Protein chains: 4
Amino acid sequence: MQEYSFSLEIEVRDYELDCEGIVNNANYLHYLEHTRHAFCKMAGYSFAQMEADGLTPVLSRIEVDYKSPLRSGDVMESKLWVEMNGVRCVFHQDIFNKSSGALAVKAVVSVVCLENGKLSRGEKVAKAFSPYLKR
Amino acid sequence: MQEYSFSLEIEVRDYELDCEGIVNNANYLHYLEHTRHAFCKMAGYSFAQMEADGLTPVLSRIEVDYKSPLRSGDVMESKLWVEMNGVRCVFHQDIFNKSSGALAVKAVVSVVCLENGKLSRGEKVAKAFSPYLKR
Amino acid sequence: MQEYSFSLEIEVRDYELDCEGIVNNANYLHYLEHTRHAFCKMAGYSFAQMEADGLTPVLSRIEVDYKSPLRSGDVMESKLWVEMNGVRCVFHQDIFNKSSGALAVKAVVSVVCLENGKLSRGEKVAKAFSPYLKR
Amino acid sequence: MQEYSFSLEIEVRDYELDCEGIVNNANYLHYLEHTRHAFCKMAGYSFAQMEADGLTPVLSRIEVDYKSPLRSGDVMESKLWVEMNGVRCVFHQDIFNKSSGALAVKAVVSVVCLENGKLSRGEKVAKAFSPYLKR
């Protein structure tokens, strides 16, 4: 089983709930994005720095399995590990309900980088993430 | 090639853009959800009616391929067709840039229904959608 | 009584509801912003054009009275009129439930423009809006 | 000068930025709401408990002065104090940029409670908040 490289605690905010009292499906993409950005910052290569280097990370594909809903007051542990797959940076992201340990969401997110509008081979990103890349 | 059962025109709103000037990835899930709800209403079985019947539709899986970004002022055509796969209701949803015709997003969304907290076999939904189901 | 210069029909989307089944308070700011942007476009001076002219419109103050909640399926009529007050562009914005005619939200929104980072006297905006300005 | 009763640290998330790279105006209402809910929880009378007691808190008015924008990476200190004004519960909420100390947003938010659909005199809320009420 793969170990995670990063974990972030996030608290559900009540405005993220929908009329059924559970977190709306789109908000999980916000949690996942926020976790990736925090990981990049921790790894020493923030999105702001990428932009300054002329790199624009672009989401190319996302797969999300919704396992159990999060509700008001829940705290989640949002975890990820990352691998390079050709030019794609693939984030494996799982969100757990901190209190129950239940898996809330399981996601695979593929990101590519544009460099001056063209697809980058991703060396800069791969280099920055190398201590965290799984083989 | 599959024909679509439903199409909805949606205009990008500027608050849906992120700091790169393109629609933020999570907002496409909003567009997709809004399109499904509008389809259900058109098909004569709205989410409000489902709730009144004791059915709770729950998202179980979503796959989204991001093909080309939408920007300020863009109008999209959000199209779908639907099939039943066992107890799962599978929505095939494509969003096109109305002006250029370019595919913006390609998504497959699986929904199940809970009935009194248990997985429903989905007969009511299948019946309501039957004129639109692909075989 | 003041006449409105602009009206936009907007349909409530279900993801805008909160767990009480009414539109979350923050989403009205989205509706109000979307209406202002649509008005500016109609008046021939879009936000995109302002940016191209080196103008950055910045919200300085907002007052919102919440009168009656909007719910799933509601369609609103979002209306506004505008006046200049010194350098401030003041939008008077009312949102009505189209079906009942009830006032949902009453807002006064003050916007200033930055020009190269400094407060602009707003001539360009005032000129563009002059056919619509109330005296 | 009034002392605050509560302070909450919140980090800006990148999806909250708009295309100018600053936090979109509507997101401050999210921060303000999240802060009020956290305060109520800390004060021992959470929104969930209010609902269980048949009380529905409803926003009646909000005034927000936007003083200086928050950006990517900023951490805010969201502070409030509260007073009762007849049946209205009035939250005075200020958000500061933690790093610079600059005031980002100054807001006054009025909330009333409905009890079985009618305007409540607010005794339960006033009692719960009494250790924090300013006189």
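Reference entry: report on the structure contained in this document.

Reading the values: rules and limits
- Residues numbered from 1 in each chain as written.
- Chains lettered and ligands numbered in written order.
- Predicted model: local features only at pLDDT ≥ 70, side-chain atom pairs only at ≥ 80, totals over all residues.
- Heavy atoms only, no water.
- Buried < 20%, exposed > 50% of the residue type's maximum accessible area, 1.4 Å probe, protein only.
- Helix = DSSP H or I, 4+ residues; strand = E, 2+ residues; numbered from the N terminus.
- Pairing = 2+ DSSP bridges.
- Least-squares fit on C-alpha atoms with pLDDT ≥ 70 in both.
- Contact = heavy atoms within 4.5 Å.
- Polar contact = N/O pair within 3.5 Å; in protein donor to acceptor, adjacent residues only side chain to side chain.
- Expected span 1.5 Å × (residues − 1).
- Buried area = accessible area lost by both parts, 1.4 Å probe.
- Salt bridge = Lys/Arg side-chain N within 4 Å of Asp/Glu carboxyl O.
- Nonpolar A, V, L, I, M, F, W, Y, C, P; charged D, E, K, R; others polar.
- Axes fitted to C-alpha atoms, helices over the stretch in contact; angles between N-to-C directions.
- Parallel < 35°, antiparallel > 145°, perpendicular 65-115°, else oblique.
- Phe/Tyr/Trp six-rings, centres within 6.5 Å; stacked < 30°, edge-to-face > 60°.

A word on the pairing of strand 1 (residues 6-11) of chain A. Residue and element names in this part refer to chain A. What you see with strand 1 is a clean split: Phe 6, Leu 8 and Ile 10 sit on the buried side and Ser 7, Glu 9 and Glu 11 on the side with no burial. Alignment of strand 1 against strand 3 (residues 75-85), held across six bridges, turns out to be antiparallel. What sits directly across from Ile 10, in strand 3, is Met 76.

The two copies are related by a screw motion: chain D maps onto chain A through a turn of 180 degrees and a shift of 0.0 Å along the axis, at an RMSD of 0.0 Å. Such a turn and shift between the copies fits a two-fold axis. No C-alpha of chain D approaches the rotation axis more nearly than that of Ile 10 of chain D, which lies at 5.5 Å.

What follows concerns the relation of the copies chain B and chain A. Relative to chain A, chain B is turned by 180 degrees and slid 0.0 Å along the rotation axis, the superposed coordinates differing by an RMSD of 0.0 Å. An overlap of 100% is found between the interface residues of chain B and their copies at the interface of chain A, pointing to a shared contact surface.

Right, let's talk about the environment of Glu 63 of chain C for a bit. Within the fold, Glu 63 of chain C resides in strand 2 (residues 55-66). Taking relative accessible area as the criterion, Glu 63 of chain C reaches 23% and is therefore assigned partly exposed. Expressed as a C-alpha distance, the spacing of Glu 63 of chain C and His 92 of chain C, which sit 29 residues apart in the sequence, is 9.8 Å. Among residues more than four places away in sequence, those in contact with Glu 63 of chain C are Lys 106, Ala 107 and Val 108 of chain C together with Arg 61, Ile 62 and Glu 63 of chain D. Side-chain polar atoms of Glu 63 of chain C contact the side chain of Arg 61 of chain C, separated by 3.2 Å.

Another aspect to go through is the side chain of His 92 of chain A. When you line up the elements, His 92 of chain A lands in strand 4 (residues 88-97). Taking the relative accessible area as the measure of exposure, His 92 of chain A reaches 18% and is therefore buried.

All names here are of chain D. With 18 residues, helix 1 (residues 25-42) should reach 26 Å at 1.5 Å per residue; the first-to-last C-alpha distance of 27 Å fits that figure. Counting buried residues along helix 1, 16 of its 18 residues qualify, which places the element largely inside the surrounding structure. Its side-chain oxygen at 3.0 Å from the backbone nitrogen of Ala 26, Asn 24 defines the N-terminal cap of helix 1. Residue Gly 44 follows helix 1 closely and has a positive phi angle near 90 degrees.

With that settled, the discussion passes to the interface of chain B and chain A. Across the boundary between the two partners, chain B contributes 19 residues, which contact 19 residues of chain A. Between chain B and chain A, the buried area comes to about 1,800 Å², and carbon and sulfur atoms account for 43% of it. Ranking the residues of chain B by area buried against chain A places Glu 20, Arg 61 and Tyr 66 of chain B at the top, with a combined share of 26%. Our count for the contact surface shared by chain B and chain A stands at four salt bridges. Arg 61 of chain B is the salt-bridge partner of Asp 65 of chain A, the closest N and O atoms lying 2.9 Å from each other. The interface formed by chain B and chain A holds twelve residue pairs in polar contact (both at pLDDT 80 or more) in total. The set of elements that each furnish at least two residues to the side of chain B that touches chain A consists of helix 1 (25-42) and strand 2 (55-66) of chain B. Take the side of chain B that touches chain A: its biggest share by element is ten residues, from strand 2 of chain B. Its residues assigned to classes, the side of chain B that touches chain A shows seven nonpolar, five polar and seven charged.

Moving on, we come to the packing of helix 1 (residues 25-42) of chain A against helix 1 of chain B. Helix 1 of chain B packs onto helix 1 of chain A with a crossing angle of 170 degrees between their chain directions and a minimal axis gap of 8 Å. Here helix 1 of chain A lies roughly antiparallel to helix 1 of chain B, going by the angle between them. When helix 1 of chain A is examined against helix 1 of chain B, the residues Asn 25, Ala 26, Leu 29, His 30, Glu 33 and Arg 36 of chain A are found in contact with a partner set consisting of Asn 25, Ala 26, Leu 29, His 30, Glu 33 and Arg 36 of chain B. By residue class, the composition of the contact of helix 1 of chain A with helix 1 of chain B is four nonpolar, four polar and four charged.

On to the interface of chain D and chain A, then. Contacts between the two partners involve 14 residues from chain D, matched on the other side by 14 residues from chain A. Among the residues chain D hides against chain A, the three largest losses belong to Arg 13, Tyr 15 and His 34 of chain D. Together they make up 49% of the total. For the pair chain D and chain A, the interface holds two salt bridges. The salt bridge involving Glu 16 of chain D is made with Arg 13 of chain A; its shortest N-O contact spans 3.4 Å. For the side of chain D that touches chain A, the elements supplying multiple residues, two or more each, are strand 1 (6-11) and helix 1 of chain D. Here the side of chain D that touches chain A gets six residues from one element, more than from any other, and that element is helix 1 of chain D.

All names here are of chain B. Most of strand 4 (residues 88-97) is tucked away, with nine of its ten residues classed as buried. Pairing between strand 3 (residues 75-85) and strand 4: ten bridges, direction antiparallel. Across the sheet, the residue bridging to Met 76 is Asn 97, located in strand 4. Between strand 3 and strand 4, which pair antiparallel and follow one another directly, the connecting turn spans two residues, one of which, Gly 86, has a positive phi of 65 degrees. Two elements, strand 4 and strand 5 (residues 103-115), share eight bridges in a ladder whose sense is antiparallel.

Another point: the pattern of salt bridges. Counting across every chain of the model gives 32 salt bridges over all chains. In this structure, Lys 98 of chain B engages Glu 9 of chain B in a salt bridge whose closest nitrogen and oxygen atoms are separated by 3.2 Å. Here the residue Lys 98 of chain B occupies a position in the loop between strand 4 and strand 5, and Glu 9 of chain B occupies one in strand 1 (residues 6-11), the gap between them amounting to 89 residues. Residue Lys 98 of chain B is classed as partly exposed on the basis of its relative accessible area of 42%. Connected through shared salt-bridge partners, Arg 61, Glu 63 and Asp 65 of chain A together with Arg 61, Glu 63 and Asp 65 of chain B make up one network.

What follows is about the packing of aromatic side chains. Summed over all chains, the structure comprises 32 aromatic pairs over all chains. Ring geometry for Phe 91 of chain B against Phe 129 of chain B: centres 6.3 Å apart, planes inclined by 75 degrees, an arrangement best described as edge-to-face. With Phe 91 of chain B in strand 4 and Phe 129 of chain B in helix 3 (residues 123-129), this pair connects stretches of sequence that are 38 residues apart. An angle of 80 degrees between the planes, with centres 5.4 Å apart, marks the rings of Phe 39 of chain C and Tyr 132 of chain C as edge-to-face. Separated by 93 residues along the polypeptide, Phe 39 of chain C in helix 1 (residues 25-42) and Tyr 132 of chain C in the segment after helix 3 (123-129) bring together distant segments of the chain.

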